[in-house]
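# Chains, contacts and geometry: an overview
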Amino acid sequence: MELLIRQLSKSFDGQTVLNHVNLHLVSGNIYCLMGPSGSGKTTLFHILLGLLKADSGKIEGLRKSKISAVFQEHRLCEAFTPIENVTMVMPHSSGNHKKAKNALVRLLPAACLDRPVSALSGGMKRRVAIIRALLVPFDILIMDEPFTGLDEDTKQEVISYIKEQCEGKLVLISTHQEEDVELLNGIKIHL
Amino acid sequence: MKAGIFPFKKPGIILFWLLVWQAASMAVHNNIILVGPLEVLSALLRQAGLPDFWKTIGYSFGKISLGFLMAFIAGIFAGGAACRFPIIGDLLSPLMALIKSVPVASFVILALIWAGSENLSVIIGFLVVFPMIYIQTIAGIESTDPHLLEMAKVFQMSELKKFFYLYRPALLPYLAAGSRVALGMSWKSGIAAEVIGVPLHSIGEKPYLAKIYLSTADLFAWTLVIILLSMLFETIFLWLLNLASPGIRRKKREGGSVWNS
(Lines give C-alpha, C1' and ligand atoms only; values in the text may rest on other atoms or scores of the structure.)
Protein backbone atom coordinates (compact mmCIF):
# COMPACT_ATOMS: atom_id res chain seq x y z
CA MET A 1 0.00 0.00 0.00
CA GLU A 2 0.96 3.61 -0.54
CA LEU A 3 0.34 6.81 1.32
CA LEU A 4 0.41 9.93 -0.77
CA ILE A 5 0.52 13.29 0.96
CA ARG A 6 0.06 16.23 -1.38
CA GLN A 7 0.48 19.93 -0.65
CA LEU A 8 -0.51 19.49 2.99
CA SER A 9 -0.65 22.73 4.97
CA LYS A 10 -1.66 23.61 8.50
CA SER A 11 -1.50 26.84 10.48
CA PHE A 12 -2.31 27.68 14.10
CA ASP A 13 -3.34 31.29 14.80
CA GLY A 14 -1.65 32.51 11.64
CA GLN A 15 1.56 30.55 12.38
CA THR A 16 2.31 28.11 9.57
CA VAL A 17 3.35 24.73 10.93
CA LEU A 18 3.09 22.61 7.79
CA ASN A 19 3.70 24.35 4.49
CA HIS A 20 2.76 22.42 1.35
CA VAL A 21 4.21 19.10 2.53
CA ASN A 22 4.53 16.39 -0.11
CA LEU A 23 5.38 12.81 0.80
CA HIS A 24 5.16 9.46 -0.95
CA LEU A 25 5.29 6.62 1.55
CA VAL A 26 5.27 2.91 0.71
CA SER A 27 4.60 -0.04 2.99
CA GLY A 28 7.54 -2.20 3.98
CA ASN A 29 9.56 0.86 4.95
CA ILE A 30 10.30 2.65 8.17
CA TYR A 31 10.33 6.41 7.62
CA CYS A 32 12.11 8.52 10.21
CA LEU A 33 10.77 12.04 10.38
CA MET A 34 13.42 14.43 11.57
CA GLY A 35 13.36 18.09 12.29
CA PRO A 36 13.67 20.55 15.13
CA SER A 37 10.91 20.93 17.73
CA GLY A 38 8.00 22.84 16.25
CA SER A 39 8.72 21.70 12.70
CA GLY A 40 5.29 20.06 12.48
CA LYS A 41 6.03 16.36 13.04
CA THR A 42 3.35 15.90 15.68
CA THR A 43 0.90 18.05 13.70
CA LEU A 44 1.42 15.86 10.63
CA PHE A 45 0.88 12.75 12.76
CA HIS A 46 -2.30 14.18 14.28
CA ILE A 47 -3.66 14.92 10.80
CA LEU A 48 -2.88 11.35 9.69
CA LEU A 49 -4.58 10.02 12.83
CA GLY A 50 -7.69 12.09 12.15
CA LEU A 51 -7.25 14.20 15.29
CA LEU A 52 -6.63 17.42 13.33
CA LYS A 53 -7.88 18.71 10.00
CA ALA A 54 -5.45 20.08 7.46
CA ASP A 55 -6.11 23.58 6.12
CA SER A 56 -5.39 22.38 2.59
CA GLY A 57 -3.88 19.47 0.73
CA LYS A 58 -4.76 15.83 0.19
CA ILE A 59 -3.89 12.49 1.71
CA GLU A 60 -4.48 9.42 -0.44
CA GLY A 61 -4.42 5.81 0.75
CA LEU A 62 -5.44 6.53 4.31
CA ARG A 63 -9.14 5.74 4.20
CA LYS A 64 -8.84 1.99 3.66
CA SER A 65 -5.93 1.56 6.07
CA LYS A 66 -5.90 0.45 9.66
CA ILE A 67 -3.79 2.81 11.68
CA SER A 68 -2.07 2.47 15.03
CA ALA A 69 -0.03 4.92 17.07
CA VAL A 70 2.39 5.66 19.86
CA PHE A 71 1.65 9.20 20.98
CA GLN A 72 4.18 11.73 22.18
CA GLU A 73 2.66 11.32 25.66
CA HIS A 74 2.08 7.80 26.97
CA ARG A 75 -1.73 8.16 26.97
CA LEU A 76 -2.21 5.12 29.19
CA CYS A 77 -5.02 4.52 31.68
CA GLU A 78 -3.05 4.93 34.89
CA ALA A 79 -5.36 2.94 37.17
CA PHE A 80 -5.15 -0.17 35.02
CA THR A 81 -2.35 -2.73 34.59
CA PRO A 82 -0.11 -2.90 31.50
CA ILE A 83 -2.04 -6.00 30.37
CA GLU A 84 -5.37 -4.19 30.70
CA ASN A 85 -3.98 -1.16 28.86
CA VAL A 86 -2.96 -3.35 25.96
CA THR A 87 -6.05 -5.58 25.81
CA MET A 88 -8.51 -2.66 26.08
CA VAL A 89 -7.65 -1.53 22.53
CA MET A 90 -7.38 -4.99 20.98
CA PRO A 91 -10.33 -6.35 19.00
CA HIS A 92 -12.29 -8.79 21.17
CA SER A 93 -10.73 -12.25 21.23
CA SER A 94 -10.30 -14.95 23.86
CA GLY A 95 -6.52 -15.03 23.46
CA ASN A 96 -5.92 -11.32 24.05
CA HIS A 97 -4.71 -11.64 27.63
CA LYS A 98 -2.11 -14.26 26.79
CA LYS A 99 -0.99 -12.40 23.68
CA ALA A 100 -0.58 -9.15 25.59
CA LYS A 101 1.25 -10.86 28.46
CA ASN A 102 3.67 -12.63 26.11
CA ALA A 103 4.46 -9.38 24.33
CA LEU A 104 4.84 -7.39 27.53
CA VAL A 105 7.25 -9.82 29.20
CA ARG A 106 9.60 -9.42 26.28
CA LEU A 107 10.17 -5.77 27.15
CA LEU A 108 9.11 -5.46 30.80
CA PRO A 109 9.86 -7.30 34.06
CA ALA A 110 7.07 -9.82 34.71
CA ALA A 111 6.60 -8.49 38.24
CA CYS A 112 5.26 -5.17 36.99
CA LEU A 113 2.49 -6.65 34.84
CA ASP A 114 0.00 -6.83 37.70
CA ARG A 115 0.69 -3.32 38.95
CA PRO A 116 -1.28 -0.27 37.91
CA VAL A 117 0.52 1.74 35.24
CA SER A 118 0.69 4.68 37.67
CA ALA A 119 3.26 2.67 39.66
CA LEU A 120 5.60 2.21 36.67
CA SER A 121 8.55 4.34 35.66
CA GLY A 122 8.40 6.61 32.58
CA GLY A 123 10.48 4.18 30.49
CA MET A 124 8.21 1.27 31.41
CA LYS A 125 5.12 3.27 30.47
CA ARG A 126 6.74 4.04 27.12
CA ARG A 127 7.25 0.34 26.46
CA VAL A 128 3.63 -0.41 27.37
CA ALA A 129 2.49 2.28 24.91
CA ILE A 130 4.71 0.79 22.18
CA ILE A 131 3.41 -2.75 22.74
CA ARG A 132 -0.18 -1.47 22.78
CA ALA A 133 0.37 0.07 19.35
CA LEU A 134 2.00 -3.06 17.97
CA LEU A 135 -0.65 -5.54 19.14
CA VAL A 136 -3.61 -4.04 17.30
CA PRO A 137 -4.05 -4.91 13.62
CA PHE A 138 -2.55 -2.11 11.52
CA ASP A 139 -1.31 -1.19 8.06
CA ILE A 140 0.23 2.09 9.13
CA LEU A 141 2.04 2.66 12.41
CA ILE A 142 2.76 6.18 13.62
CA MET A 143 5.25 6.62 16.46
CA ASP A 144 5.86 10.07 17.89
CA GLU A 145 9.25 10.08 19.61
CA PRO A 146 8.79 6.51 20.87
CA PHE A 147 12.24 6.16 22.44
CA THR A 148 11.95 9.03 24.91
CA GLY A 149 12.92 7.87 28.40
CA LEU A 150 14.53 4.61 27.25
CA ASP A 151 18.15 3.76 28.01
CA GLU A 152 20.41 2.52 25.20
CA ASP A 153 20.04 -1.21 25.90
CA THR A 154 16.26 -1.01 26.24
CA LYS A 155 16.08 1.09 23.07
CA GLN A 156 17.97 -1.62 21.15
CA GLU A 157 15.52 -4.25 22.43
CA VAL A 158 12.52 -2.09 21.56
CA ILE A 159 13.86 -1.35 18.07
CA SER A 160 14.44 -5.01 17.28
CA TYR A 161 10.89 -5.78 18.52
CA ILE A 162 9.43 -3.00 16.34
CA LYS A 163 11.34 -4.24 13.28
CA GLU A 164 10.11 -7.78 13.93
CA GLN A 165 6.47 -6.74 14.31
CA CYS A 166 6.36 -4.22 11.47
CA GLU A 167 7.61 -6.32 8.62
CA GLY A 168 5.76 -5.32 5.45
CA LYS A 169 3.99 -2.43 7.21
CA LEU A 170 4.29 1.28 6.73
CA VAL A 171 5.96 2.87 9.76
CA LEU A 172 6.42 6.57 10.43
CA ILE A 173 8.63 7.48 13.38
CA SER A 174 9.61 10.91 14.57
CA THR A 175 12.99 11.17 16.26
CA HIS A 176 15.73 13.66 16.99
CA GLN A 177 18.52 11.06 16.98
CA GLU A 178 20.43 10.31 13.75
CA GLU A 179 21.52 6.94 15.19
CA ASP A 180 17.87 5.84 15.48
CA VAL A 181 17.58 6.01 11.68
CA GLU A 182 20.52 3.63 11.33
CA LEU A 183 19.29 1.26 14.02
CA LEU A 184 15.85 1.12 12.37
CA ASN A 185 17.30 0.80 8.86
CA GLY A 186 14.97 3.69 8.22
CA ILE A 187 14.53 6.25 5.49
CA LYS A 188 15.23 9.76 6.69
CA ILE A 189 12.71 12.51 5.95
CA HIS A 190 13.38 16.13 6.91
CA LEU A 191 10.40 18.31 7.71
CA MET B 1 4.04 7.34 67.68
CA LYS B 2 1.14 9.68 68.34
CA ALA B 3 -1.12 6.70 69.00
CA GLY B 4 1.49 5.41 71.47
CA ILE B 5 1.48 8.61 73.49
CA PHE B 6 -2.28 9.17 73.34
CA PRO B 7 -3.80 5.72 72.81
CA PHE B 8 -7.16 6.84 74.17
CA LYS B 9 -7.24 10.31 72.64
CA LYS B 10 -10.45 9.88 70.64
CA PRO B 11 -12.47 8.06 73.33
CA GLY B 12 -11.11 10.62 75.79
CA ILE B 13 -12.43 13.53 73.71
CA ILE B 14 -15.84 11.85 73.41
CA LEU B 15 -15.91 11.19 77.15
CA PHE B 16 -14.97 14.82 77.83
CA TRP B 17 -17.92 16.15 75.81
CA LEU B 18 -20.29 13.62 77.36
CA LEU B 19 -19.22 14.86 80.77
CA VAL B 20 -19.73 18.47 79.64
CA TRP B 21 -23.20 17.51 78.40
CA GLN B 22 -24.03 15.72 81.67
CA ALA B 23 -22.75 18.68 83.71
CA ALA B 24 -24.79 21.13 81.60
CA SER B 25 -27.98 19.08 82.03
CA MET B 26 -27.38 18.88 85.78
CA ALA B 27 -26.80 22.64 85.91
CA VAL B 28 -29.98 23.36 83.91
CA HIS B 29 -31.85 20.82 86.04
CA ASN B 30 -34.82 20.69 83.66
CA ASN B 31 -35.50 17.54 81.60
CA ILE B 32 -37.59 19.40 79.05
CA ILE B 33 -34.89 21.94 78.17
CA LEU B 34 -31.83 19.67 78.35
CA VAL B 35 -31.60 15.99 79.23
CA GLY B 36 -28.33 14.32 80.08
CA PRO B 37 -26.64 11.50 78.12
CA LEU B 38 -27.65 8.84 80.65
CA GLU B 39 -31.33 9.72 80.32
CA VAL B 40 -30.99 9.67 76.51
CA LEU B 41 -29.39 6.24 76.68
CA SER B 42 -32.15 5.05 78.97
CA ALA B 43 -34.80 6.45 76.56
CA LEU B 44 -33.07 4.75 73.65
CA LEU B 45 -33.01 1.38 75.43
CA ARG B 46 -36.67 1.81 76.34
CA GLN B 47 -37.53 2.61 72.70
CA ALA B 48 -35.45 -0.34 71.44
CA GLY B 49 -37.54 -2.62 73.61
CA LEU B 50 -40.80 -1.49 72.03
CA PRO B 51 -42.26 -3.84 69.39
CA ASP B 52 -42.45 -1.25 66.59
CA PHE B 53 -38.90 0.14 67.06
CA TRP B 54 -37.28 -1.94 64.29
CA LYS B 55 -40.37 -1.62 62.10
CA THR B 56 -40.08 2.17 62.35
CA ILE B 57 -36.38 2.06 61.52
CA GLY B 58 -37.01 -0.31 58.60
CA TYR B 59 -39.77 1.92 57.24
CA SER B 60 -37.76 5.15 57.17
CA PHE B 61 -34.46 3.48 56.25
CA GLY B 62 -36.17 1.79 53.30
CA LYS B 63 -37.93 4.93 52.08
CA ILE B 64 -34.96 7.29 52.39
CA SER B 65 -32.53 4.76 50.92
CA LEU B 66 -34.94 4.13 48.04
CA GLY B 67 -35.19 7.87 47.33
CA PHE B 68 -31.41 8.18 47.44
CA LEU B 69 -30.74 5.18 45.20
CA MET B 70 -33.36 6.22 42.65
CA ALA B 71 -31.86 9.73 42.51
CA PHE B 72 -28.34 8.30 42.31
CA ILE B 73 -29.19 6.13 39.29
CA ALA B 74 -31.36 8.80 37.62
CA GLY B 75 -28.69 11.48 38.23
CA ILE B 76 -26.02 9.35 36.55
CA PHE B 77 -28.24 8.60 33.55
CA ALA B 78 -29.42 12.21 33.21
CA GLY B 79 -25.85 13.56 33.63
CA GLY B 80 -24.53 11.05 31.09
CA ALA B 81 -27.32 11.94 28.65
CA ALA B 82 -26.66 15.68 29.13
CA CYS B 83 -22.97 15.15 28.25
CA ARG B 84 -23.79 12.98 25.25
CA PHE B 85 -26.64 15.19 23.97
CA PRO B 86 -26.15 18.84 25.04
CA ILE B 87 -29.79 19.61 24.22
CA ILE B 88 -30.81 17.42 27.17
CA GLY B 89 -28.49 19.44 29.41
CA ASP B 90 -30.04 22.67 28.12
CA LEU B 91 -33.54 21.30 28.75
CA LEU B 92 -32.71 20.12 32.26
CA SER B 93 -30.81 23.25 33.23
CA PRO B 94 -33.84 25.36 34.37
CA LEU B 95 -35.32 22.33 36.13
CA MET B 96 -32.10 21.80 38.07
CA ALA B 97 -31.90 25.50 38.98
CA LEU B 98 -35.49 25.29 40.22
CA ILE B 99 -34.96 22.16 42.30
CA LYS B 100 -31.80 23.61 43.84
CA SER B 101 -33.36 26.96 44.75
CA VAL B 102 -36.83 25.94 46.00
CA PRO B 103 -36.80 25.35 49.79
CA VAL B 104 -37.20 21.72 50.86
CA ALA B 105 -40.20 22.72 53.04
CA SER B 106 -42.06 23.93 49.93
CA PHE B 107 -41.42 20.62 48.20
CA VAL B 108 -42.62 18.78 51.30
CA ILE B 109 -45.95 20.63 51.28
CA LEU B 110 -46.32 20.13 47.52
CA ALA B 111 -45.46 16.44 47.78
CA LEU B 112 -47.98 16.08 50.62
CA ILE B 113 -50.70 17.60 48.42
CA TRP B 114 -49.76 15.63 45.31
CA ALA B 115 -48.73 12.24 46.69
CA GLY B 116 -49.73 12.06 50.35
CA SER B 117 -47.46 11.29 53.28
CA GLU B 118 -46.68 7.63 52.61
CA ASN B 119 -43.93 8.18 50.02
CA LEU B 120 -42.99 11.65 51.16
CA SER B 121 -39.42 10.82 52.22
CA VAL B 122 -38.81 8.94 48.95
CA ILE B 123 -39.83 12.00 46.90
CA ILE B 124 -37.94 14.49 49.06
CA GLY B 125 -34.82 12.30 49.21
CA PHE B 126 -34.95 12.02 45.43
CA LEU B 127 -35.37 15.77 44.87
CA VAL B 128 -32.50 16.66 47.18
CA VAL B 129 -30.05 14.07 45.82
CA PHE B 130 -30.85 14.14 42.09
CA PRO B 131 -29.33 17.58 41.24
CA MET B 132 -26.17 16.82 43.24
CA ILE B 133 -25.51 13.53 41.46
CA TYR B 134 -26.47 15.04 38.09
CA ILE B 135 -23.96 17.88 38.51
CA GLN B 136 -21.22 15.57 39.80
CA THR B 137 -21.78 13.16 36.90
CA ILE B 138 -21.36 15.95 34.36
CA ALA B 139 -18.24 17.23 36.16
CA GLY B 140 -16.80 13.70 36.31
CA ILE B 141 -17.40 12.96 32.65
CA GLU B 142 -15.99 16.33 31.64
CA SER B 143 -12.87 15.64 33.69
CA THR B 144 -12.01 12.63 31.50
CA ASP B 145 -8.57 13.15 30.01
CA PRO B 146 -9.05 14.42 26.41
CA HIS B 147 -5.76 12.75 25.44
CA LEU B 148 -7.22 9.39 26.43
CA LEU B 149 -10.37 10.11 24.44
CA GLU B 150 -8.19 10.83 21.39
CA MET B 151 -6.35 7.57 22.03
CA ALA B 152 -9.71 5.77 22.16
CA LYS B 153 -10.70 7.36 18.86
CA VAL B 154 -7.48 6.27 17.15
CA PHE B 155 -7.81 2.70 18.44
CA GLN B 156 -11.56 2.69 17.71
CA MET B 157 -12.54 1.61 21.21
CA SER B 158 -16.20 0.68 21.64
CA GLU B 159 -18.51 2.90 23.71
CA LEU B 160 -18.68 0.18 26.37
CA LYS B 161 -14.90 -0.02 26.67
CA LYS B 162 -14.65 3.77 26.77
CA PHE B 163 -17.13 3.84 29.63
CA PHE B 164 -15.38 1.09 31.55
CA TYR B 165 -11.76 2.20 31.09
CA LEU B 166 -11.93 5.97 30.56
CA TYR B 167 -15.12 7.50 31.95
CA ARG B 168 -15.58 5.25 34.98
CA PRO B 169 -12.22 6.06 36.64
CA ALA B 170 -12.81 9.79 35.99
CA LEU B 171 -16.41 9.67 37.22
CA LEU B 172 -16.07 7.69 40.45
CA PRO B 173 -14.17 10.25 42.57
CA TYR B 174 -16.81 12.87 41.67
CA LEU B 175 -19.65 10.47 42.48
CA ALA B 176 -18.02 9.55 45.80
CA ALA B 177 -17.59 13.22 46.75
CA GLY B 178 -21.16 14.04 45.68
CA SER B 179 -22.56 10.99 47.47
CA ARG B 180 -20.87 11.94 50.76
CA VAL B 181 -22.77 15.25 50.79
CA ALA B 182 -25.96 13.84 49.24
CA LEU B 183 -26.20 10.96 51.73
CA GLY B 184 -26.25 13.31 54.73
CA MET B 185 -28.64 15.67 52.97
CA SER B 186 -31.04 12.89 52.00
CA TRP B 187 -31.31 11.75 55.64
CA LYS B 188 -31.74 15.26 57.02
CA SER B 189 -34.35 16.26 54.45
CA GLY B 190 -36.08 12.85 54.48
CA ILE B 191 -36.57 12.95 58.26
CA ALA B 192 -37.58 16.63 58.12
CA ALA B 193 -40.24 15.69 55.54
CA GLU B 194 -41.48 12.89 57.79
CA VAL B 195 -41.70 15.28 60.75
CA ILE B 196 -43.88 17.60 58.64
CA GLY B 197 -45.93 14.89 56.93
CA VAL B 198 -46.01 12.49 59.91
CA PRO B 199 -46.46 9.23 57.97
CA LEU B 200 -47.46 6.35 60.23
CA HIS B 201 -44.64 4.15 61.60
CA SER B 202 -41.94 6.51 60.34
CA ILE B 203 -38.96 7.80 62.32
CA GLY B 204 -40.19 11.34 61.65
CA GLU B 205 -43.36 10.56 63.58
CA LYS B 206 -41.32 9.95 66.73
CA PRO B 207 -39.72 13.41 67.08
CA TYR B 208 -43.17 14.83 66.27
CA LEU B 209 -44.70 12.88 69.15
CA ALA B 210 -41.75 13.78 71.37
CA LYS B 211 -42.49 17.44 70.66
CA ILE B 212 -46.17 17.00 71.60
CA TYR B 213 -45.35 15.15 74.82
CA LEU B 214 -42.36 17.41 75.56
CA SER B 215 -40.18 14.29 75.80
CA THR B 216 -36.73 15.70 75.08
CA ALA B 217 -35.07 12.40 76.01
CA ASP B 218 -37.03 10.58 73.26
CA LEU B 219 -36.21 13.35 70.79
CA PHE B 220 -32.49 12.99 71.54
CA ALA B 221 -32.74 9.19 71.43
CA TRP B 222 -34.33 9.24 67.97
CA THR B 223 -31.83 11.84 66.78
CA LEU B 224 -29.09 9.43 67.83
CA VAL B 225 -30.82 6.63 65.91
CA ILE B 226 -31.02 8.84 62.79
CA ILE B 227 -27.31 9.73 63.04
CA LEU B 228 -26.35 6.07 63.41
CA LEU B 229 -28.56 4.99 60.50
CA SER B 230 -27.18 7.76 58.30
CA MET B 231 -23.60 6.74 59.17
CA LEU B 232 -24.37 3.07 58.54
CA PHE B 233 -25.94 3.76 55.14
CA GLU B 234 -23.08 6.11 54.18
CA THR B 235 -20.46 3.53 55.14
CA ILE B 236 -22.16 0.70 53.24
CA PHE B 237 -22.87 2.81 50.18
CA LEU B 238 -19.37 4.32 49.92
CA TRP B 239 -17.83 0.88 50.43
CA LEU B 240 -19.92 -0.46 47.55
CA LEU B 241 -19.00 2.54 45.40
CA ASN B 242 -15.35 2.01 46.22
CA LEU B 243 -15.62 -1.57 44.96
CA ALA B 244 -16.42 -0.16 41.52
CA SER B 245 -13.08 1.69 41.42
CA PRO B 246 -10.58 0.18 38.98
CA GLY B 247 -7.92 -2.02 40.56
CA ILE B 248 -9.17 -1.52 44.11
CA ARG B 249 -7.98 -4.93 45.30
CA ARG B 250 -4.69 -4.49 43.49
CA LYS B 251 -4.10 -1.08 45.09
CA LYS B 252 -4.64 -2.52 48.55
CA ARG B 253 -2.16 -5.29 47.85
CA GLU B 254 0.53 -3.21 46.20
CA GLY B 255 0.34 0.04 48.11
CA GLY B 256 1.25 3.25 46.28
CA SER B 257 4.92 2.61 45.47
CA VAL B 258 6.35 3.72 42.14
CA TRP B 259 8.70 1.50 40.19
CA ASN B 260 11.96 3.31 39.50
CA SER B 261 13.92 1.35 36.95
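The shown structure was predicted, so the numbers you read here are calculated from the model rather than taken from an experiment. (Residues numbered from 1 in each chain as written. Chains lettered and ligands numbered in written order. Predicted model: local features only at pLDDT ≥ 70, side-chain atom pairs only at ≥ 80, totals over all residues. Heavy atoms only, no water.)

## Overview of the overall build of chain B
- Check the secondary structure of chain B and you find 12 helices and zero strands.
- Secondary structure elements of chain B occur, N-terminal to C-terminal, as α-α-α-α-α-α-α-α-α-α-α-α.
- Whereas a compact globule of 261 residues would reach a radius of gyration of roughly 18 Å, chain B reaches 23 Å, over 25% beyond that.
- Across its three principal directions, the C-alpha atoms of chain B cover 75 × 60 × 30 Å.
- Going through the 261 residues of chain B one by one, you find that 40% of them count as buried.
- In chain B, 75% of the contacts between residues at least 6 apart in sequence involve partners at least 24 apart.
- In the form shown here, chain B has an accessible surface area of approximately 15000 Å², with 72% of it arising from carbon and sulfur atoms.
- Treating the 21 positive side-chain charges of chain B as one cloud and the 13 negative ones as another, the clouds have centres 8 Å apart. (Helix = DSSP H or I, 4+ residues; strand = E, 2+ residues; numbered from the N terminus. Rg over C-alpha atoms; globule rule 2.2 N^0.38 Å. Buried < 20%, exposed > 50% of the residue type's maximum accessible area, 1.4 Å probe, protein only. Contact = heavy atoms within 4.5 Å. Areas by Shrake-Rupley, 256 points an atom, 1.4 Å probe, with all protein chains shown as cover. Lys, Arg positive; Asp, Glu negative; His and termini not counted. Charge placed at Lys NZ, Arg CZ, Asp CG, Glu CD.)

## Here we look at the interface of chain B and chain A
- Every contact between the two is made by 23 residues of chain B and, on the other side, 33 residues of chain A.
- Buried area between chain B and chain A, summed over both chains or domains, comes out near 2400 Å², and the portion from carbon and sulfur atoms is 63%.
- Where chain B meets chain A, there are one salt bridge.
- At the boundary of chain B with chain A, the tally comes to five residue pairs in polar contact (both at pLDDT 80 or more). (Buried area = accessible area lost by both parts, 1.4 Å probe. Salt bridge = Lys/Arg side-chain N within 4 Å of Asp/Glu carboxyl O. Polar contact = N/O pair within 3.5 Å; in protein donor to acceptor, adjacent residues only side chain to side chain.)

## Some details on the packing of helix 4 (residues 122–134) of chain A against helix 5 (residues 152–165) of chain A
Residues and elements named next belong to chain A.
- One way to put it is that helix 4 packs onto helix 5 with a least axis distance of 11 Å and a crossing angle of 5°. In terms of axis orientation, helix 4 runs roughly parallel to helix 5. Every residue of helix 5 that contacts helix 4 at R127, I130, I131 and L134 is listed here: T154, V158, Y161, I162 and Q165. (Axes fitted to C-alpha atoms, helices over the stretch in contact; angles between N-to-C directions. Parallel < 35°, antiparallel > 145°, perpendicular 65-115°, else oblique.)

## Structural notes on the sheet that holds strand 2 (residues 15–26) of chain A
Residue and element names in this part refer to chain A.
- Taken in spatial order, the three strands make up an open sheet running 2-1-4, and their pairing is antiparallel. Sheet topology places strand 2 and strand 4 (56–60) at the edges, where each strand pairs with a single neighbour. Between one strand and the next, the sheet's axes are offset by a mean angle of 15°, whatever the strand orientation.
- Relative to strand 2, strand 1 (residues 2–12) runs antiparallel, the two being bridged by eight bridges. Bridge pairing in strand 2 places F12 opposite Q15.
- Helix-sheet contacts for helix 1 (residues 41–48) involve strand 1, strand 2 and strand 4, and the interaxial angle to strand 1 is about 120°. (Pairing = 2+ DSSP bridges.)

## Description of empty space enclosed by the protein
All names here are of chain A.
- Enumeration according to the criterion identifies one cavity of 30 Å³ or more in this entry.
- In this model, the largest cavity occupies a volume close to 40 Å³.
- Residue lining of the largest cavity: F45, H46, L49, A69, V70, F71, Q72, I142 and D144, and that is the complete set.
- Among the elements of the structure, helix 1, strand 5 (67–70) and strand 6 (140–144) are those that each provide at least two residues to the lining of the largest cavity.
- In terms of residue class, the lining of the largest cavity is made up of six nonpolar, two polar and one charged. (1 Å grid on protein atoms, 1.4 Å probe; cavity = no way out; pocket = protein on both sides within 12 Å on 5 of 7 lines; lining within 4 Å. Points joined across faces, edges and corners; volume = space filled by probe spheres on them. Nonpolar A, V, L, I, M, F, W, Y, C, P; charged D, E, K, R; others polar.)

## Observations regarding the sheet that holds strand 6 of chain A
All names here are of chain A.
- Strand order in the open sheet formed by five strands is 5-6-7-3-8, with parallel pairing between adjacent strands. Two strands in the sheet have a free side with no partner beyond their single neighbour: strand 5 and strand 8 (187–190). Taken pair by pair, the neighbouring strands of this sheet meet at an average axis angle of 20°, ignoring direction.
- Pairing analysis gives four bridges linking strand 5 to strand 6, with the strands arranged parallel. Within the sheet, the bridge partner assigned to I67 lies in strand 6 and is I140.

## Examining the side chain of R132 of chain A
- In this fold, R132 of chain A is placed in helix 4.
- At 8.4 Å, E73 of chain A is the nearest oppositely charged side chain to R132 of chain A, a buried residue that forms no salt bridge.
- Side-chain polar atoms of R132 of chain A contact the backbone oxygen of R75 of chain A, separated by 2.6 Å.
- Not counting residues up to four positions away in its chain, the partners in contact with R132 of chain A are F71, H74, R75, L76, N85, V86 and V89 of chain A together with M151 and F155 of chain B.

## A few points about a nonpolar patch on the surface
- On the surface, I109, L110, I113, W114 and I196 of chain B cluster together to form a nonpolar patch covering roughly 550 Å² of accessible area.
- Mapped onto the elements of the fold, I109 of chain B is located in helix 6 (residues 104–115). (Patch = residues over 30% accessible without salt bridge, like charges linked within 9 Å, V, L, I, M, F, W, Y side chains within 5 Å.)

## Let's talk about unusual backbone geometry
Residue and element names in this part refer to chain A.
- Not every positive phi belongs to a glycine, and H20 is a case in point at roughly 50°.
- Along the chain, the position of H20 falls in strand 2.
- The class for H20 is partly exposed, based on a relative accessible area of 43%.
- In this structure, N185 is a non-glycine residue whose phi angle is positive, near 50°.
- Following the sequence through the fold, N185 ends up in the loop between helix 6 (178–183) and strand 8.
- The exposure class of N185 is exposed, given its relative accessible area of 59%.

## Things to note about the confidence of the model for chain B
- When pLDDT is averaged across chain B, the result is 90; 92% of the residues are at 70 or more.
- Listed scores for the predicted complex are pTM 0.84 and ipTM 0.93. (pLDDT = per-residue confidence, 0-100.)

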